[in-house]
Amino acid sequence: VLFSCFFFLGMEKLVACLYQRPNALCRLICFPWAGGGTSQLAQWGKLFSSSIEVSSVRLPGRESRLKEPFAKDMTTVVNEITSVLLKELQEKPFAFFGHSFGSYISFAVALHLKEKYGLEPIHLFVSGAHAPHSEAFLPIKSIPIYDAEDEDILTYIQILGGTPSELLQNEDIKKHLILTFREDLRVLQTFSFEKAERNIPFSCDITCFDGSEDKPHDLEAWHDLTSGDISFYKLPGGHFYLLEPSNEIFLTKHITRCIENAGL
């Protein structure tokens, strides 16, 4: 009993699942962007049919985990997510969706699950992200986050969009958002993936989504990472195209179709 209670608390802390569907055929685990919490992607649960249960991952330092120290590196993030979710992921098929920073976390978690436990998502959905072994990913690693002024980070957040301007009017919220974004970027910079010569890490299908107005991402290189099918979709909008209701409907319908076609 103690273990299951501990396990449940770990789940509650790490994962927001607003629409629980114990009889779902598949779990869709969502990984938010840098500085993000669970509020948007956890709401996706209501857009999916009863065959898919949606959860959104909550990293330390935000929402109900506000008092916890931020994760220091990608390995810590991956280990926590894996240890809490492993039992669930072994029970029934799962798919991952990540946006931007969340795409890299979802990839790192999927890689760890595959290498250590032989587990693989039935589908990997990535959004607004370069393939992690791509040259295009390298500049992210050299953003000088230690020296960057709060104002510079704020400007970058505003250029990316996705944060309601009224939130940025509140000094405390603004300060915390800048801090969270800085810490998430720091985690991202500790992540590196070197693709070995003949090693194709995944066999699942991968779908890459991107905003048509966003700066272009190296999506082609995702081809190297799976022996499964790969497809690309550009949707109208910038980096946060996925917050547009019409795009959200497209994404959730498309993800549903992919999962249901996986023949569960």
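Remember, it's a predicted structure, so these values are computed and weren't measured experimentally. (Residues numbered from 1 in each chain as written. Predicted model: local features only at pLDDT ≥ 70, side-chain atom pairs only at ≥ 80, totals over all residues. Heavy atoms only, no water.)

Among the seven residues that make up strand β6 (residues 205-211), six are buried, leaving the element largely enclosed by the rest of the structure. As defined by bridge partners, strand β5 (residues 123-127) adjoins β6 across five bridges and the pair is classed as parallel. Residue histidine 123 lies in a different strand from β6, and its bridge partner there is aspartate 205. Pairing geometry for β6 and strand β7 (residues 230-235), over six bridges, is parallel. Looking at the pairing, cysteine 208 lines up with phenylalanine 232 of β7. (Buried < 20%, exposed > 50% of the residue type's maximum accessible area, 1.4 Å probe, protein only. Helix = DSSP H or I, 4+ residues; strand = E, 2+ residues; numbered from the N terminus. Pairing = 2+ DSSP bridges.)

On to the UniProt feature "domain: Thioesterase" (unreviewed entry) in the protein chain. Here, the residues flagged by UniProt with the feature "domain: Thioesterase" (unreviewed entry) are residues 27-247. Regarding residues 27-247, the helix share stands at 37% and the strand share at 16%, and the terminal C-alpha atoms are separated by 21 Å. (UniProt positions renumbered as here; feature names shortened; annotations may be inferred.)

Here the focus is the pairing of β5. β5 sits mainly inside the fold: five of its five residues count as buried. Relative to β5, strand β4 (residues 94-99) runs parallel, the two sharing five bridges. Pairing of alanine 95 across the sheet is with histidine 123, part of β5.

Take the pattern of salt bridges next. One pass over the full model with this rule turns up 14 salt bridges. Its salt-bridge partner being glutamate 63, residue arginine 58 comes within 2.9 Å of it at the nearest N-O pair. Note that arginine 65 is salt-bridged to glutamate 80, the shortest N-O span being 2.7 Å. Of the two residues, arginine 65 is situated in the loop between β3 (52-57) and α3 (74-91) and glutamate 80 in helix α3; the sequence distance between them amounts to 15 residues. Residues joined by salt bridges that share partners form a network here, namely Arg27, Glu53, Lys87, Glu88 and Glu91. (Salt bridge = Lys/Arg side-chain N within 4 Å of Asp/Glu carboxyl O.)

Once that is clear, we can look at helix α9 (residues 245-260). Compared with the 22 Å implied by 1.5 Å per residue over 16 residues, the 22 Å span of α9 between its first and last C-alpha is a close match. Those residues of α9 that fall on the buried side of the exposure criterion are Asn247, Glu248, Leu251, Thr252, His254, Ile255, Thr256, Cys258 and Ile259. Against β2 (26-31), β3, β4, β5, β6 and β7 lie the buried residues of α9. (Expected span 1.5 Å × (residues − 1). Contact = heavy atoms within 4.5 Å.)

The next subject is the environment of aspartate 73. Within the secondary structure, aspartate 73 is located in the loop between β3 and α3. The class of aspartate 73 is partly exposed, set by a relative accessible area of 27%. Beyond its immediate sequence surroundings of up to four residues, aspartate 73 is in contact with Val187 and Thr190.

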